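# Report on the structure
One letter stands for each residue in the lines below.
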Amino acid sequence: MIRFILSDLRRLWAGSLVVVLLVALATALGVSVVLQERALRLGSARAADKFDLVIGAGGSETQLVLSSVFLQPSPLPLMPGEVLGKLAADPRVDWAAPIGFGDSFSGYPIIGTTTMLAQNLSGGLAEGKIFAHEGEAVIGAAVRLPLGGEIKPMHGSLEEGGETHTQLVYHIAGRLRPTGTAWDRAILVPIQAVWHIHGMEAEEHAEDGEHEHHGKADPDAALDETWTVGAPGLPAILVKPKTIADAYKLRQDYRSGNTVAVFPGEVLTNLYATLGDAKQILVAVASGAQALVAASLVLVTVIHIGQRRRQIGALRAFGAPRGAIFGIVWLEFFFLVAVGIALGFALGYAAALILSGMFSQTSGVAMPVGFAREDAGLAAVLLAVATILAALPAVLAYRQSPAQALRA
């Protein structure tokens, strides 16, 4: 029987190939949607795990997380700089790092921050050292610039017609280890330098009680990260609480007045719930495509059985039982559909890998593409449907009598 089926498939290779490709493309569409959605969810969740608590000015919590964790450009409102000093002195805080946005270089975002964040973001440096002066920078693992290279900050981006700052040129002092987050594509510079470039005044208490205002960047200036005095307005502060209990208390304390405090993972969970309908729509579209393919396959196979009536009649005339005819037709069709499903899973996986790679290259967020246990259930359902579809032409062939088939 197997030899007969293989011989039949070789003889009808063109039609068999069409059936396999139809099933493969329909399956690949559904598989790629499932894998890509899962990769996006897992990748963003892992990126958010790097940050325990984010504090910003009152406004959209989602935009605060997208801007501070995923470095999506957006003008955030500024909160009072005194919040940074309060957090730095809070015994519940392990460390607090301000971040400032707005500048870029060669498509990479420049983030003003502190040595504390640079040291803790990736668990150390891959090479070089942490910036120690205003004119030094640390780059993420995915930034394709050499150590010692120059960075000329541009306000905004080149596409938006940004203007290059002339007050300061950064020199790359170190490179971070990979984090699998958007920060791999970031250029970290001292927040002190960012303030000076943009003419923002940080106040320092002089010994005589007067205030000294800094309005000019000095590449050789040492960094002062004590935060015991007032600082310019800040779009966001990344906070590492000492304990989980401290994290919840801090969030409660800074969710009133002019500030909002959020857990990035919690915000993403709410965002996933909001986007759940979009996933269902995509799955419904993929399921509709698979249903159309299934209907077309049934039509093709019914026509195919009609064209093979003489062959079936000859087999019956030579003594082939009805059960054998049923088995030959069913197994042949099921084999084609099963091969198409397997090929579809491979194509869907490859498509998800390509899409995730493109997204990771532009965003810096690692998108882990992989099959899960529930995907075996999807394969089982598709094979069960294939079993039922294959039975239809097999039943038609089973019911034909030798005399009717030979007269056709």
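Residues numbered from 1 in each chain as written. Predicted model: local features only at pLDDT ≥ 70, side-chain atom pairs only at ≥ 80, totals over all residues. Heavy atoms only, no water.

Across its full length, the protein chain holds 12 helices and 14 strands. Sorting the 408 residues of the protein chain into buried and exposed places 44% on the buried side. Sequence separation of 24 or more characterises 79% of the internal contacts of the protein chain that already satisfy a separation of 6 or more. Summed over all atoms, the accessible surface of the protein chain reaches about 20,200 Å², with 61% contributed by carbon and sulfur. (Helix = DSSP H or I, 4+ residues; strand = E, 2+ residues; numbered from the N terminus. Buried < 20%, exposed > 50% of the residue type's maximum accessible area, 1.4 Å probe, protein only. Contact = heavy atoms within 4.5 Å. Areas by Shrake-Rupley, 256 points an atom, 1.4 Å probe, with all protein chains shown as cover.)

In this section: the nonpolar core. Across soluble globular proteins, nonpolar side chains have a tendency to be buried as a group. The biggest cluster of nonpolar side chains holds 50 residues, and the ones touching the most others in it are Leu 117, Trp 183 and Leu 188. When neighbours within four sequence positions are excluded, Leu 117 is seen to be in contact with Phe 51, Trp 95, Ala 97, Ile 99, Trp 183 and Leu 238. In this structure, Val 83, Leu 84, Ile 191 and Ala 261 belong to the second largest nonpolar core, which totals 21 residues. (Core = buried A, V, L, I, M, F, W, Y, C linked by side-chain atoms within 4.5 Å.)

It is worth spelling out the pattern of salt bridges at this point. Pairs can form between side chains of opposite charge whenever their charged atoms are close. Counted according to the given criterion, the structure contains 10 salt bridges. Here Arg 41 and Glu 37 are joined by a salt bridge, their closest N and O atoms 3.2 Å apart. Of the two residues, Arg 41 and Glu 37 are both situated in helix H2 (residues 13–48); the distance of four residues between them amounts to about one turn of the helix. Residue class for Glu 37 comes out partly exposed when judged on its relative accessible area of 23%. Between Arg 255 and Glu 61 there is a salt bridge, with its nearest N and O atoms 2.9 Å apart. Pair noted here: Arg 255 is in the loop between helix H7 (244–253) and strand E14 (259–262) and Glu 61 is in helix H3 (residues 61–68), with a separation of 194 residues, a long-range link. Through salt bridges with shared partners, one network takes in Arg 38, Glu 374 and Asp 375. (Salt bridge = Lys/Arg side-chain N within 4 Å of Asp/Glu carboxyl O.)

Here the focus is unusual backbone geometry. Here Leu 71, not a glycine, exhibits a phi torsion of approximately 55°, which is positive. Here Leu 71 shows up in the loop between H3 and helix H4 (82–89). With relative accessibility at 11%, the residue Leu 71 sits in the buried group. Positioned with a positive phi, Ser 106 is a non-glycine residue whose angle comes to about 55°. Tracing the backbone shows Ser 106 in the loop between strand E2 (93–105) and strand E3 (108–113).

Okay, the side chain of Arg 185 next. You can see Arg 185 is positioned in the loop between strand E9 (170–176) and strand E10 (187–190). The buried charged residue Arg 185 lacks any salt bridge, with Asp 184 as its nearest oppositely charged partner at 9.2 Å. In this structure Arg 185 touches Gly 107, Tyr 108, Pro 109, Ala 142, Val 143, Gln 361, Thr 362, Ser 363 and Gly 364, once residues within four positions along its chain are discounted. (Lys, Arg positive; Asp, Glu negative; His and termini not counted.)

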